[in-house]
Amino acid sequence: MRIKDRIEDLSVFGGQPIFKGTLHVGFPNVGNKNHFLNRVNEIFNRNWLTNNGFFVQAFEKKIEDFVGVKHCIVMTNGTIALEIAIKALGMTGEVIAPSFTFIATAHALKWQGINPVFCDIDEKTHNINPDKIEGLINDKTTGIVATHLWGRPCEIDLLSDIAKKNNLKLLFDAAHAFGCSYKGKMIGRFGNAEVFSFHATKFFNTFEGGAIVTNDDELAKKIRLMKNFGFSGMDNVIYIGTNGKMSEISAAMGLTSFESMDDFIAINKSNYYEYKQLINEIDGISIIDYNEKEKNNYQYIVTEINEKKFGLSRNVLVDILQKENIRARRYFYPGCHKMEPYKTEYNCFEHNLAITEKISNNVLILPTGKLINNNIINKICYFIKFIHQHSSEISKSYLEIKE
Ligand code: T4K
């Protein structure tokens, strides 16, 4: 396959982009549009738009059955769900969390006056490193918020032991992990609670949306009240609450996404294996593994660039790809600890986050989802191969244009 065979044709040097339309990492997966529109009509016919409507209740029940969990409370988005879960669990003071995660994980804590204490990750799994947690616990620590990054489960058993031993609450940010499993059980059944995101860019979306799932009856009750201003019946407020309610339109999208979820996963899986085969042929770029013994949603194509072997840094490669309309992303660069307010407040933690720094400087996410097919993946990978093969000339010309 010949995509471009002259360096001067690269878009970064003024050539025409390979792709006319932009290829996004977060292309939304949309299920059967007619089914969705029929549901929208039903909403109007019922004249019930939000506040625990028919579709919200049906969607919650579907998630409970799918995950095998007692309670699902759907919310406006994953961030509000995290905030409410943290508050309902009574976390205060300091909470241990990874820095290598989306900023919402840290902000959900800080928004409530809790200081996230950043813990380094494991180089292979990209998840919080359980061996590093106990050294960060002090008398202000009240919990752990751990992200199942890329949908790959954390070391749940070890984290549960640490939480139990130190009397800490354990919350999982499962924003990436809907449809994934750990030791054969669906994610959503672990810790004190887990939080999903159904944002448009997730493989399963409700436009905006999220959910808290838990097996704890009391906690679920509290969360239901908190997401509805703290109302316990009409005119009676018993908690500080907020408005975290999912609307009927989002729940209608959720029910529609459920119908196509298996197809979305099958497409993501096929895309992942196509990428894997082609990426493995290129020196200096690797793709993360998913444990085939578990259920995975394969929603992120996560690669790591070894600058020495590839011949160019991850940052230069991202720039080159983006100019060709391949909107690759540097999730989650530069790590929460290097963003405000943490950057100013917690400079000292930088020294303990060596793996976070390394991985966040090397990771590159490539587009996938329903709109990406083998033909596109082949073009992307052949182009990356071309870049690698001509890396030293490209590097020289790139430096010249940046001077
Ligand atoms: N915890 C973790 C670990 C998370 O990853 C997230 C969210 C959360 C918590 C919080 O959950 P939510 O409150 O969001 O439910 C995106 C998403 O906005 C965010 O939901 C997601 N994580 C994060 C990983 O990715 P950005 O800043 O990268 O979004 P943006 O607008 O740049 O979109 C990403 C790509 O998708 C772009 O190339 C454009 C494309 N796109 C986007 C939208 C919205 C489309 O093609 N169509 C669309 O409709 O954060």
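Residues numbered from 1 in each chain as written. Predicted model: local features only at pLDDT ≥ 70, side-chain atom pairs only at ≥ 80, totals over all residues. Heavy atoms only, no water.

This brings us to the domain arrangement of the chain. Along its sequence, the chain is carved into domain 1 (7-27 + 261-402) and domain 2 (33-257). With centres defined by C-alpha atoms, the gap from domain 1 to domain 2 works out at 28 Å. Counting from both sides, the interface comprises 38 residues of domain 1 and, opposite them, 38 residues of domain 2. By the criterion of area lost to domain 2, the three top residues of domain 1 are Met 261, Phe 332 and Tyr 342, representing 20% of everything that side buries. The tally of links between domain 1 and domain 2 comes to 2 salt bridges. Joining domain 1 to domain 2, the criterion identifies 21 residue pairs in polar contact (both at pLDDT 80 or more). When grouped by side-chain class, the residues that make up the side of domain 1 that touches domain 2 number 21 nonpolar, 10 polar and 7 charged. (Domains from an automatic or database assignment. Contact = heavy atoms within 4.5 Å. Buried area = accessible area lost by both parts, 1.4 Å probe. Salt bridge = Lys/Arg side-chain N within 4 Å of Asp/Glu carboxyl O. Polar contact = N/O pair within 3.5 Å; in protein donor to acceptor, adjacent residues only side chain to side chain. Nonpolar A, V, L, I, M, F, W, Y, C, P; charged D, E, K, R; others polar.)

The subject of this paragraph is helix α5 (residues 156-165). Those residues of α5 that sit buried are Ile 156, Leu 159, Ile 162 and Ala 163. Buried residues of α5, seen end-on, are gathered within an arc of 130° and therefore sit on one face of the element. Looking at α5, the residues exposed on the side facing more than 90 degrees away from the buried face are Asp 161, Lys 164 and Lys 165. Where α5 terminates, the next one or two residues include Asn 167, which has phi positive at roughly 55°. (Buried < 20%, exposed > 50% of the residue type's maximum accessible area, 1.4 Å probe, protein only. Helix = DSSP H or I, 4+ residues; strand = E, 2+ residues; numbered from the N terminus. Arc of directions from axis to C-beta.)

On the basis of which strands lie adjacent, the open sheet formed by 7 strands has the order β2-β10-β9-β6-β5-β3-β4 and mixed pairing. Here the strands that pair on one side only, and so sit at the sheet edges, are β2 (71-75) and β4 (115-119). Going across the sheet, the axis of each strand differs from the next one's by a mean of 25°, ignoring polarity. Alignment of strand β5 (residues 141-147) against strand β6 (residues 169-173), held across 5 bridges, turns out to be parallel. Note on β6: the bridge partner recorded for Thr 147 is Asp 173. Set on the sheet, helix α3 (residues 78-88) makes contact with β2, β6, β9 (193-197) and β10 (210-214); between it and β9 the angle comes to about 165°. Against the sheet, helix α6 (residues 217-226) touches β2, β9 and β10, its axis set at about 20° to β2. (Pairing = 2+ DSSP bridges. Axes fitted to C-alpha atoms, helices over the stretch in contact; angles between N-to-C directions.)

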